[in-house]
Amino acid sequence: MRKQLFPAVRWMFFIVILWTCPVLAQTEASEQAVDTAGAEAPKAIPTQDLIQKIEEAVQETKVIGRKIEVNDNVIRLDTLFPEYVKFLQQQLKLTNNFIKSNPNRQKINNQIKKWNGFNEHLTQWESQLNEYEDRNIKLLERVKISEQIWKLTYEKIRDQNIPREVARRVKETYDDISSLNKLIVSKNNDYLILESRINKQKVDISVAIEELEKLKESEIYGLFYLRHEPIWKADFTELSKESDQAERGTEFNQNITESIKYTKYNFSSIFRYLFYVALFVFLIRWLRGVFKKYPYNALDKNLIKARDSIVKHSLQVIIFTSLLGLTYFLENRPTLLNDILHLSILIASIPLVRPFMRDSFKNMLYFVILIFILDTVKTYIWFSSLQYRLFLMLEAVLVILLLYWYGFRNMRALKFKEHFFGALLLGLAPLFQLIALISIVSNLLGYTNLTDLTLKISTKTGVYAVISYALFLVLSGISIGIIHNHFESREMGDSPQKKVIERKSLNLNRFVVVVFWFMIFLSIIDMLTPLNLYLLDILTEPYVFGSITITVGDILTFLTILTISFMVTSTVSFFIDSGQFKSKYVKLPKGIPAAISLVIRYFIIATGIILALSSLGVDLSKFNLMAGALGLGIGFGLQNVISNFVSGLILVFERPILVGDTVEVNNLLGTVNRIGVRSSNISTFDGAEVVVPNSNLISNDLINWTLSSNLKRIEILIGVAYGTNPNEVLKILKEVVHEEEDILKQPDPQILFSDFGDSSLNFRVRFWVPFEHGLQAKSDVSIAIYNAFEEKGIEIPFPQRDIHIKSVPPDSVEDRNVNPDDKLNPPE
């Protein structure tokens, strides 16, 4: 049959494609014709509807006029912009002087960050104006159509004999709409002029940033460029002099002013961020309640640390995570505000990390704070050239001493498996010491560019490692808490699957934290931006294949969207799986969560596929008819698959069977393990896993023993010998049934005298038990009845038959009269 079917299907697809191609071409041509034709032309208003339409036009004019009124934000922007232009011109002059002063790379980075903040500020203004312009353009389209309609209406009524009052009102309505049209155009022109001025300032800012970038990449900022003479040739009389412009730090007062302005401008954003903080607080409190409700025990110390971070240090987790999230919520922060925020994050991470460190390393965290402050404060203190070099040398010596005191002395005492973070840092301690030593040597020789870089690596790497470890504890605590609640609420706390998922979540958290730390490290060594530009050039490089142009970025976006879609569906399936969703806030009938999960998962997959194809530039509208034709071909060629698919949807939404039900179909008795879209899995009581097509479950007779109730009635047939008192038998049977623990009291067990049998008095014992206890309960009751009858001397008879012989063959009679010994020894 298959050999006959597949050639037919191939021919059918060939015919469908031949039929579809001209249809698609014709459809595309018709679509172009419709597009060129445009919308339906406006028509004059009928005379009988004039009064009603005039009233509607007046109301619409008022509404549109109210919408196009200049917003307070635009008024404030128009007022502040001239002052902001003057401010930028002053900053541009200061930057030009700064470039001439031969600053170091750190100060250039601070200047670039400051100008990026200015650019972001103007971008926000520009986006506001764009919103108003887009809104006005949409309103203008409506007004133009109305203007044409009322113009045609006015020209029409001039040739008709209608009251002058009505004609006057039509003329006034037309004039009002025309004025509104001109007003919208005028306001949009004003917005465009202001936006153009803002864009000009953004161009000037881009030029300033480019100049700073060129300066940073110039030869004098190379790592091995001799910026100063060796320190033994320096004039030490400069120690008592004031600082020169070459090594002067950022002015502290200016940073305070910028930070205050930035905070005021972003106050509404900070207030919105508090909403997310409140949600996170609710999450942490819920997880803490989960660990208290379901005690958590594990052999892995990393899992115990993750639990303790939520249970014992929930306040520290909230403060640390809130501050860390604020760094991503507020972009292009002033230098002072950025340093204060990072210092606050470091301080907040100390009480979170310190309890999980050995006693000999706990005090090291306070020196980490000290090093961070020393490395930051040099940005705000005015130094002479020699003072700055001596300050760097002092900082490098302090780093070496701390690494020796806390590193080499305890390197062998720490086990890598038990203290991954501490052992990793100790393993890298010799490398950090070497980098700090290079900083000292390069400083002595005058290669201060190399000194700045190596000192940043040896100081800030450890600082952000502490923050990264605190982030790892928070992520692990949240993930472990969610996994623990998922399994414990389903009474599956000892499941091997739980341990596997916990280990995978820890590994995933480690990967995320390592990536987080690596991105910061690239930013420290000024390689993040060049790397981003390099990758952007590679990802946006176009490759042409025939008429298709594609980039590596498009392919990666395609794969990323699909990967994220399947990861999200797996997460949904994990939380709402097999109808086991439980919540004290939402009560759902059995089977509904599985249907919801299926709909959500397939919706996410379908959306992901559409977005992934769109990222490749595929026009899905060209596949409308092709999809219909392919659907027709698939319907003929894959009838069984489609039948099973539709049957699977019926099983999910109609719910005749659910996961965990005991069913019987086609002489197959077992438990439903999974209900898929194409087939379902049934585990028999013999241990076999049977894959049953969904169409068989729909079309065949199906017995579900546990759909509405998991109770099963058991019936035992007993016979006693004639002459036994039936009342005593009923009494004994009732006592036996009531003594059995698994038998339900409601419905009441039934003890019945059935009938007079050929060999016995027959009785029936009927009782209800949970389905899973049915076989064992029947066995226990039967044995108990036998023991009770034996104790009371009641006989359970076997079948008896009376045989009446009417005739006997002669040979049989002679054989009965012969002695058996004679048959064995016949006479000679």
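Being a predicted model, the structure only gives us computed values, none of them experimental. (Residues numbered from 1 in each chain as written. Predicted model: local features only at pLDDT ≥ 70, side-chain atom pairs only at ≥ 80, totals over all residues. Heavy atoms only, no water.)

**A few points about the overall build of the protein**
Step number 1: Looking only at helices and strands, the protein has 26 helices and 10 strands in total.
Step number 2: For the protein, the proportion of its 828 residues judged to be buried stands at 38%.
Step number 3: When contacts within the protein are restricted to residue pairs at least 6 apart in sequence, long-range pairs at least 24 apart make up 75% of them.
Step number 4: With the model as given, the accessible surface of the protein reaches about 49600 Å², and the carbon-plus-sulfur share is 60%. (Helix = DSSP H or I, 4+ residues; strand = E, 2+ residues; numbered from the N terminus. Buried < 20%, exposed > 50% of the residue type's maximum accessible area, 1.4 Å probe, protein only. Contact = heavy atoms within 4.5 Å. Areas by Shrake-Rupley, 256 points an atom, 1.4 Å probe, with all protein chains shown as cover.)

**A word on the sheet that holds strand S4 (residues 668-675)**
Step number 1: Strand order in the open sheet formed by 5 strands is S6-S5-S4-S3-S7, and the pairing between neighbours is antiparallel. At either margin of the open sheet sits one strand with a lone partner, and together these are strand S6 (689-693) and strand S7 (702-704). When strand polarity is set aside, the average angle formed by the axes of neighbouring strands in this sheet is 40°.
Step number 2: Relative to strand S5 (residues 679-684), S4 runs antiparallel, the two being bridged by 5 bridges. The partner of isoleucine 675 across the bridge, within S5, is serine 680. (Pairing = 2+ DSSP bridges. Axes fitted to C-alpha atoms, helices over the stretch in contact; angles between N-to-C directions.)

**Digging into the packing of helix H7 (residues 267-293) against helix H8 (residues 301-311)**
Step number 1: Put simply, H7 and H8 touch, their axes get as near as 9 Å, and they point 120° apart. On the basis of their axis angle, the class for H7 and H8 is oblique. Considering the relative orientation of H7 and H8, their crossing is left-handed. For the pair H7 and H8, contact is made by Ile284, Leu287, Arg288 and Phe291 and by Arg307, Ile310 and Val311, respectively. (Parallel < 35°, antiparallel > 145°, perpendicular 65-115°, else oblique. Left-handed = near helix turned anticlockwise from the far one by under 90°.)

**Re the pairing of S6**
Step number 1: Bridge count between S5 and S6: 5 bridges; the pairing is antiparallel. Looking at the pairing, asparagine 681 lines up with valine 691 of S6.
Step number 2: Where S5 hands over to S6, the hairpin turn is made up of 4 residues, of which glycine 687 adopts a positive phi near 95°.

**Remarks on helix H19 (residues 592-615)**
Step number 1: Taking 1.5 Å per residue, 24 residues should reach 34 Å; H19 reaches 34 Å between its end C-alpha atoms and fits that length.
Step number 2: All buried positions along H19 are accounted for by Pro593, Ala595, Ser597, Leu598, Ile604, Gly608, Ala612 and Ser615.
Step number 3: A positive backbone phi angle near 85° is found at glycine 617, which sits one or two residues after H19. (Expected span 1.5 Å × (residues − 1).)

**Considering a nonpolar patch on the surface**
Step number 1: Taken together, Trp232, Leu428, Leu431, Leu434, Leu437, Ile438, Val441 and Leu445 make up a surface patch of nonpolar side chains, about 710 Å² in accessible area.
Step number 2: By the secondary structure assignment, tryptophan 232 is in the loop between helix H5 (164-216) and helix H6 (252-265). (Patch = residues over 30% accessible without salt bridge, like charges linked within 9 Å, V, L, I, M, F, W, Y side chains within 5 Å. Salt bridge = Lys/Arg side-chain N within 4 Å of Asp/Glu carboxyl O.)

**Re the confidence of the model for the protein**
Step number 1: Summary statistics for the protein give a mean pLDDT of 79 and a share of 83% for residues scoring 70 or more.
Step number 2: Mean pLDDT across the elements of the protein bottoms out in helix H1 (residues 2-37) (40) and peaks in helix H9 (residues 314-329) (90).
Step number 3: Overall, residues 244-249 carries pLDDT values under 50, and its contacts beyond four positions in sequence, including any with other chains, amount to 24 contacts. (pLDDT = per-residue confidence, 0-100.)

**Remarks on the side chain of threonine 454**
Step number 1: With respect to the secondary-structure elements, threonine 454 resides in helix H15 (residues 448-488).
Step number 2: At 2.8 Å, the side chain of threonine 454 forms a polar contact with the backbone oxygen of leucine 450.
Step number 3: Of the polar contacts made by the side chain of threonine 454, one reaches the backbone oxygen of threonine 451; its length is 3.2 Å.
Step number 4: Discounting residues that sit within four places of it in the chain, threonine 454 has contacts with Ile435, Ile438 and Ser439. (Polar contact = N/O pair within 3.5 Å; in protein donor to acceptor, adjacent residues only side chain to side chain.)

**Things to note about the side chain of threonine 459**
Step number 1: Its place among the elements puts threonine 459 in helix H15.
Step number 2: Side-chain polar atoms of threonine 459 contact the backbone oxygen of lysine 456, separated by 3.4 Å.
Step number 3: Not counting the four nearest positions on each side in its chain, threonine 459 is found in contact with Ile371, Asp375, Glu395 and Val399.

**Regarding the pattern of salt bridges**
Step number 1: Scanning the model with the defined rule gives 14 salt bridges in all.
Step number 2: A salt bridge links lysine 202 to glutamate 126, with the nearest nitrogen and oxygen atoms 2.9 Å apart. Separated by 76 residues along the polypeptide, lysine 202 in helix H5 and glutamate 126 in helix H4 (residues 105-157) bring together distant segments of the chain.
Step number 3: Exposure remark for lysine 202: the relative accessible area of 16% places this residue in the buried category.
Step number 4: In this structure, a network of salt bridges that share partners links the residues Glu165, Arg168 and Glu172.

**Concerning the sheet that holds strand S8 (residues 711-720)**
Step number 1: With antiparallel pairing, 3 strands are arranged side by side in an open sheet as S8-S10-S9. Strands with a single pairing partner mark the edges of an open sheet, and in this sheet they are S8 and strand S9 (750-756). Within the sheet, the average angular offset between the axes of one strand and its neighbour, ignoring direction, is 25°.
Step number 2: In terms of strand pairing, S8 meets strand S10 (residues 761-770) through 10 bridges, oriented antiparallel. Across the sheet, residue isoleucine 718 finds its bridge partner in S10, namely phenylalanine 763.
Step number 3: The sheet contacts of helix H24 (residues 774-792) involve S8 and S10, and relative to S8 the element is tilted by about 25°.

**Looking at the packing of H8 against H15**
Step number 1: Taken N-terminus to C-terminus, the directions of H8 and H15 make an angle of 90°; their axes are 8 Å apart at the nearest point. By the angle class used here, H8 and H15 are roughly perpendicular. Between H8, through Leu303, Lys305, Ala306, Ser309 and Ile310, and H15, the contact on the second element is made entirely by Tyr469, Leu473, Ser476, Gly477, Ile478 and Ile480.
Step number 2: When its residues are assigned to classes, the contact of H8 with H15 shows 7 nonpolar, 3 polar and 1 charged. (Nonpolar A, V, L, I, M, F, W, Y, C, P; charged D, E, K, R; others polar.)

**Some words on the pairing of S9**
Step number 1: Sheet analysis places S9 next to S10, joined by 6 bridges and oriented antiparallel. In the sheet register, isoleucine 751 faces S10, and the bridge partner there is valine 765.
Step number 2: Count of turn residues in the S9/S10 antiparallel hairpin: 4 residues.

**Comments concerning unusual backbone geometry**
For residues that are not glycine, phi is negative in most cases, and the peptide bond is trans in most cases.
Step number 1: Omega for the bond connecting glutamine 746 with proline 747 falls within 30 degrees of zero, at -5°, which places this linkage in the cis form.
Step number 2: If you trace the backbone, proline 747 turns up in the loop between helix H23 (726-739) and S9.
Step number 3: For aspartate 526, which is not a glycine, the phi torsion comes out positive at approximately 60°.
Step number 4: You can call aspartate 526 buried: its relative accessible area is 16%.

**A look at the nonpolar core**
Step number 1: Among the nonpolar cores identified, the biggest contains 59 residues, and Phe280, Ile284, Phe320, Leu346, Val474 and Ile478 are the most heavily contacted of them.
Step number 2: Looking at which element gives the most residues to this core, the answer is H15, with 14 residues.
Step number 3: With residues up to four places along the chain from it excluded, the contact list for valine 474 reads Phe280, Val317, Phe320, Thr321 and Leu352.
Step number 4: Of all hydrophobic cores here, the second largest spans 24 residues; its members include Leu77, Ile108, Phe118 and Leu215. (Core = buried A, V, L, I, M, F, W, Y, C linked by side-chain atoms within 4.5 Å.)

**Remarks on the environment of alanine 688**
Step number 1: Within the secondary structure layout, alanine 688 lies in the loop between S5 and S6.
Step number 2: Note on alanine 688: relative accessible area 35%, which makes it partly exposed.
Step number 3: Residues alanine 688 and glycine 670, 18 residues apart in the sequence, show an inter-C-alpha distance of 9.0 Å.
Step number 4: Leaving out residues up to four positions away in the same chain, alanine 688 has contacts with Ile682 and Ser683.

**What to know about the packing of aromatic side chains**
Step number 1: Within this structure, the stated rule accounts for 15 aromatic pairs.
Step number 2: Ring centres of phenylalanine 81 and tryptophan 125 lie 6.5 Å apart, and the angle between their planes is 65°; this geometry places the pair in the edge-to-face category. With phenylalanine 81 in helix H3 (residues 72-100) and tryptophan 125 in helix H4, this residue pair connects regions lying 44 residues apart in the sequence.
Step number 3: Relative accessible area serves as the criterion here: at 6%, phenylalanine 81 is assigned to the buried category.
Step number 4: The class for tryptophan 125 is buried, based on a relative accessible area of 4%.
Step number 5: A connected cluster of aromatic rings, assembled from ring pairs, spans Phe81, Tyr84, Phe87, Trp115, Phe118 and Trp125.
Step number 6: The aromatic ring of tyrosine 154 is capped on one face by lysine 171, whose charged end is 5.9 Å from the ring centroid.
Step number 7: One Lys or Arg, lysine 712, reaches over the ring of tryptophan 705 and ends 5.1 Å from the middle of that ring. (Phe/Tyr/Trp six-rings, centres within 6.5 Å; stacked < 30°, edge-to-face > 60°. Lys NZ or Arg CZ within 6 Å of the ring centre and 35° of its normal.)

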